[in-house]
Amino acid sequence: MSQASKQVEWCLNKAKKEIEECRKLGKRQKHRGLVKNNPDLDEAKKHLAKAEHDFEAITKFKEIGFSDWSMSAGFYCVYHTFLAIAAKFGYESSNQTCTIALMHFLRETGKIYLDKKFIELLEYQDMEEGTGHSIIEMREDYTYGVQISVKDEAKINELKKECKELIDITKEIIYK
């Protein structure tokens, strides 16, 4: 059993336990894992629309002098493409780590063709690699840091390029 497969199984069990606990306490059902449902193309389309909305925000934030927020928009663009793919295959995720594990799992099992580089956009980089920042790290730097603009325009341009490519790939996945 692969690492991704083990993580997905753990996420599914986590959600089951949390939903059951909510039932026992008479609370609204919520979880921080993965739930397997029927494939939901309508939900997938909604997440794709949100990803496209976030993609547009990358440029809009830059235009109005809030380029630091472009990084968050890029992060959520990528994340919503993953949620679109998850919905297409009948998964509901409430956990970023579980969503990433699911993308690895779907890729490993041949259910999707998705270059690993896109999944790695939402993963923390290995300290020894020293090859720049992932989108999650840039989002954190600009959200929790004190910079109010992205000085390196190439970062925003690369972010837009990666997001556009991923949106196009996601369209192929959910519409096939």
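Residues numbered from 1 in each chain as written. Predicted model: local features only at pLDDT ≥ 70, side-chain atom pairs only at ≥ 80, totals over all residues. Heavy atoms only, no water.

1. Re the overall build of the chain
In step 1: Regarding its fold elements, the chain presents seven helices and two strands.
In step 2: Its helices and strands taken in sequence order, the chain reads α-β-α-α-β-α-α-α-α from the N to the C terminus.
In step 3: The 176 residues of the chain split such that 44% are buried.
In step 4: When the accessible surface of the chain is split by element, carbon and sulfur atoms take 51% of a total near 10,100 Å². (Helix = DSSP H or I, 4+ residues; strand = E, 2+ residues; numbered from the N terminus. Buried < 20%, exposed > 50% of the residue type's maximum accessible area, 1.4 Å probe, protein only. Areas by Shrake-Rupley, 256 points an atom, 1.4 Å probe, with all protein chains shown as cover.)

2. Observations concerning the packing of helix H2 (residues 41-63) against helix H3 (residues 68-88)
In step 1: Axis separation between H2 and H3 bottoms out at 8 Å; the angle between their running directions is 170 degrees. Judged by the inter-axis angle, H2 sits roughly antiparallel to H3. By crossing handedness, the relation of H2 to H3 is classed as left-handed. Only Trp-69, Ser-70, Ala-73, Gly-74, Tyr-76, Cys-77, His-80, Thr-81, Leu-83, Ala-84, Ala-87 and Lys-88 of H3 make contact with H2, whose side of the interface consists of Glu-43, Ala-44, His-47, Leu-48, Lys-50, Ala-51, Asp-54, Phe-55, Ala-57, Ile-58, Phe-61 and Lys-62.
In step 2: For the contact of H2 with H3, the residue count by class is 14 nonpolar, five polar and five charged. (Axes fitted to C-alpha atoms, helices over the stretch in contact; angles between N-to-C directions. Parallel < 35°, antiparallel > 145°, perpendicular 65-115°, else oblique. Left-handed = near helix turned anticlockwise from the far one by under 90°. Contact = heavy atoms within 4.5 Å. Nonpolar A, V, L, I, M, F, W, Y, C, P; charged D, E, K, R; others polar.)

3. Some thoughts on the confidence of the model for the chain
In step 1: Per-residue pLDDT for the chain averages 86, and the proportion of residues at 70 or more is 87%.
In step 2: Mean pLDDT across the secondary structure elements of the chain bottoms out at helix H6 (residues 135-144), with 68, and peaks at H2, with 95. (pLDDT = per-residue confidence, 0-100.)

4. Thoughts on the packing of aromatic side chains
Geometry of an aromatic ring pair is reported as the spacing of the ring centres plus the angle between the planes.
In step 1: Applying the stated criterion across every chain yields a total of two aromatic pairs.
In step 2: When the centroid spacing of 4.8 Å and the interplanar angle of 90 degrees are considered together, the rings of Phe-75 and Tyr-76 count as edge-to-face.
In step 3: The partly exposed category is assigned to Tyr-76, whose relative accessible area is 33%.
In step 4: Taking 6.2 Å as the distance between ring centres and 5 degrees as the angle between the ring planes, the aromatic pair formed by Phe-75 and Tyr-79 counts as stacked. Placement of both Phe-75 and Tyr-79 in helix H3 is noted, with a separation of four residues, approximately one turn of the helix. Neither residue differs from the other here; Phe-75 and Tyr-79 are each classed as buried.
In step 5: These aromatic residues form a ring-pair network of at least three members: Phe-75, Tyr-76 and Tyr-79.
In step 6: Between Lys-36 and the ring centre of Tyr-91, over which it is positioned, the NZ or CZ distance is 4.6 Å. (Phe/Tyr/Trp six-rings, centres within 6.5 Å; stacked < 30°, edge-to-face > 60°. Lys NZ or Arg CZ within 6 Å of the ring centre and 35° of its normal.)

5. So, the state of the cysteines
In step 1: As enumerated under the stated definition, the model contains one disulfide in all.
In step 2: We note that Cys-77 lacks a disulfide partner, and the nearest cysteine sulfur, in Cys-163, lies 3.8 Å from it. (Disulfide = S-S within 2.5 Å.)

6. Quick notes on a negative patch on the surface
In step 1: A surface patch of negative charge is lined by Asp-40, Asp-42, Glu-43 and Glu-92.
In step 2: Tracing the chain through its elements places Glu-92 in strand S2 (residues 91-93).
In step 3: You can call Glu-92 partly exposed: its relative accessible area is 36%. (Patch = residues over 30% accessible without salt bridge, like charges linked within 9 Å, V, L, I, M, F, W, Y side chains within 5 Å. Salt bridge = Lys/Arg side-chain N within 4 Å of Asp/Glu carboxyl O. Lys, Arg positive; Asp, Glu negative; His and termini not counted. Charge placed at Lys NZ, Arg CZ, Asp CG, Glu CD.)

7. With respect to the pattern of salt bridges
In step 1: Tallied over the entire structure, the rule returns six salt bridges.
In step 2: Linking Glu-20 and Arg-23 is a salt bridge whose minimum nitrogen-to-oxygen distance equals 3.8 Å. Remark: Arg-23 and Glu-20 occur in helix H1 (residues 3-25); sequence separation between them is three residues, near one turn of the helix.
In step 3: A salt bridge links Lys-164 to Asp-168; the shortest N-O distance between them is 2.9 Å. Linking Lys-164 with Asp-168, this pair stays in helix H7 (residues 153-175), spanning four residues, or about one helical turn.

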